[in-house]
Amino acid sequence: MNGDQRKAALRANIEAYGRFDEHAYINGAPHLKHRSIAHAYSALVATAIERTGTDPHTLQVLELGAGNGLASTAWFERGVQLTAVDASESMLDDFKAKASEYGLTPNTVVADVLEYLDSTQGLFNVVTHVSMLHHIPDYLELLKRSVAHVNPGGCLLTFQDPLRYDRMPFGHHLIDRGSYFVWRLGQGNLKRGARTRWRRLRGVYSTAETVDFDEYHVVRNGVDSAAVASLLKPSFEKVDMIKYWSTYDRSLQWIGERVGLKSSFGILASGRKPT
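Residues numbered from 1 in each chain as written. Predicted model: local features only at pLDDT ≥ 70, side-chain atom pairs only at ≥ 80, totals over all residues. Heavy atoms only, no water.

Undergrad: Residue-level account of the nonpolar core, with values.
TA: Among the nonpolar cores identified, the biggest contains 32 residues, and Leu-64, Leu-142 and Leu-232 are the most heavily contacted of them. Breaking this core down by element, the ones donating at least two residues are β1 (60-64), α7 (113-119), β4 (124-130), α8 (139-147), β5 (150-162), α13 (225-232), β6 (236-244) and β7 (264-272). (Core = buried A, V, L, I, M, F, W, Y, C linked by side-chain atoms within 4.5 Å. Buried < 20%, exposed > 50% of the residue type's maximum accessible area, 1.4 Å probe, protein only. Helix = DSSP H or I, 4+ residues; strand = E, 2+ residues; numbered from the N terminus.)

Below, the structure written as structure tokens:
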């Protein structure tokens, strides 16, 4: 792993989400504002719990890159025992506040997720990442370390990451990028957006630019879903992948779903094999 890139990505994410505007975040997070995507994640959560064969109230769940809990409702609703890890203390304060609304008191850890995984011996029934892999330069290394913390018989769940751009059907990728720009035009600050786009067209990514490294998938053209599945298969009895459409604008989301476009993926690996 390139240490400078890892540090830049971590710094960019803290800067991007540390000064948190919840409304703006929801507006820029398809997995939070589209019911269809939230429903898909909730369904995977339900399947993961069922496959562990564990009562939800005793289920030990590790949520990496947990943020402020906006994507954690599916776990809150089921009353699981949560450990949430994030690099932003303010985000985790909000996470605890949201969990308390469900009568839960999660264990929260302010740390870089890779450093946390290296520092703990804890095992969990489920380890989950939502909208996270594409923020990590070496996401396969993150997954390797995550697998080591899944109990035998347990699950690993990752969700809401962009498919590799060069492996998507050309039309799907073209519409995906077009949908993004339609949404972006309504967000203002077009001058900064134009500068960012010009750098990316030239293949220039600056570790000093938050916008270049908080969404790290633009550097490597998405996330390799096939490589993720291949990495997980030796350690789990079953690896299921779902591919779905995820974009920013509600109308374009509705249209994309109706015509069967695919831009993002989630993976549920279940039945962790004994080591």
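Undergrad: Could you give an account of the packing of α8 against α13, with specific residues and numbers?
TA: Interhelical geometry of α8 versus α13 gives an angle of 25 degrees and a closest axis separation of 10 Å. Classified by the angle between their axes, α8 and α13 sit roughly parallel to one another. Considering only the axes of α8 and α13, their crossing is right-handed. Residue-level inspection shows Tyr-139, Leu-140, Leu-143, Lys-144 and Val-147 of α8 in contact with α13, the latter providing Ala-227, Val-228, Leu-231 and Leu-232. Residues of the contact of α8 with α13, tallied by class, amount to eight nonpolar, no polar and one charged. (Axes fitted to C-alpha atoms, helices over the stretch in contact; angles between N-to-C directions. Parallel < 35°, antiparallel > 145°, perpendicular 65-115°, else oblique. Left-handed = near helix turned anticlockwise from the far one by under 90°. Contact = heavy atoms within 4.5 Å. Nonpolar A, V, L, I, M, F, W, Y, C, P; charged D, E, K, R; others polar.)

Undergrad: So what about the pairing of strand β3 (residues 107-110)? Which residues, and what values?
TA: Sheet topology note: the strand β2 (residues 81-86)/β3 ladder contains four bridges and is parallel. Counted as the bridge partner of Ala-84 is Thr-108 from β3. The parallel pair β2 and β3, bridged by helix α6 (residues 89-100), forms a crossover whose chirality is right-handed. (Pairing = 2+ DSSP bridges. Right-handed = clockwise from strand over helix to strand, strands pointing away.)

Undergrad: Quick one: what's the story with the sheet that holds β2, residue by residue and with numbers?
TA: Read across the open sheet, the seven strands follow the order β3-β2-β1-β4-β5-β7-β6; overall the sheet is mixed. Each edge of the open sheet carries a strand with a single partner, namely β3 and β6. Each strand of the sheet is rotated relative to its neighbour by a mean of 15 degrees, with strand direction disregarded. Alignment of β4 against β5, held across six bridges, turns out to be parallel. Bridging across to β5, Phe-124 finds its partner in Val-150. Against the sheet, helix α4 (residues 35-52) engages β4, β5, β6 and β7, with an angle of about 170 degrees to β5.

Undergrad: Explain the packing of aromatic side chains to me, and be specific about the residues and the numbers.
TA: Going through the model one piece at a time under the given rule, you end up with four aromatic pairs. Taking 5.1 Å as the distance between ring centres and 15 degrees as the angle between the ring planes, the aromatic pair formed by Phe-159 and Tyr-244 counts as stacked. With Phe-159 in strand β5 and Tyr-244 in strand β6, the pair connects residues that are 85 residues apart, well separated along the chain. Of the two residues examined, Phe-159 and Tyr-244, each falls in the buried class. Taken together through their ring pairs, the aromatic side chains of Tyr-41, Phe-159 and Tyr-244 make up a single cluster. Over the face of the ring belonging to Phe-236 we find Arg-272, whose NZ or CZ atom lies 6.0 Å from the ring centre. (Phe/Tyr/Trp six-rings, centres within 6.5 Å; stacked < 30°, edge-to-face > 60°. Lys NZ or Arg CZ within 6 Å of the ring centre and 35° of its normal.)

Undergrad: Any details on α13? Residues and values, ideally.
TA: If you check which residues of α13 are buried, you get Ser-225, Val-228, Ala-229, Leu-231 and Leu-232. Angularly, the buried residues of α13 cover 160 degrees about the axis, an arc narrow enough to put them on a single face. In this fold, the buried residues of α13 make contact with α8, β5, β6 and β7. The backbone nitrogen of Ala-226 has a side-chain oxygen 3.2 Å away, supplied by the residue at the start of α13, namely Asp-224. (Arc of directions from axis to C-beta. Polar contact = N/O pair within 3.5 Å; in protein donor to acceptor, adjacent residues only side chain to side chain.)

No statement about biological role is implied by the geometric values presented.
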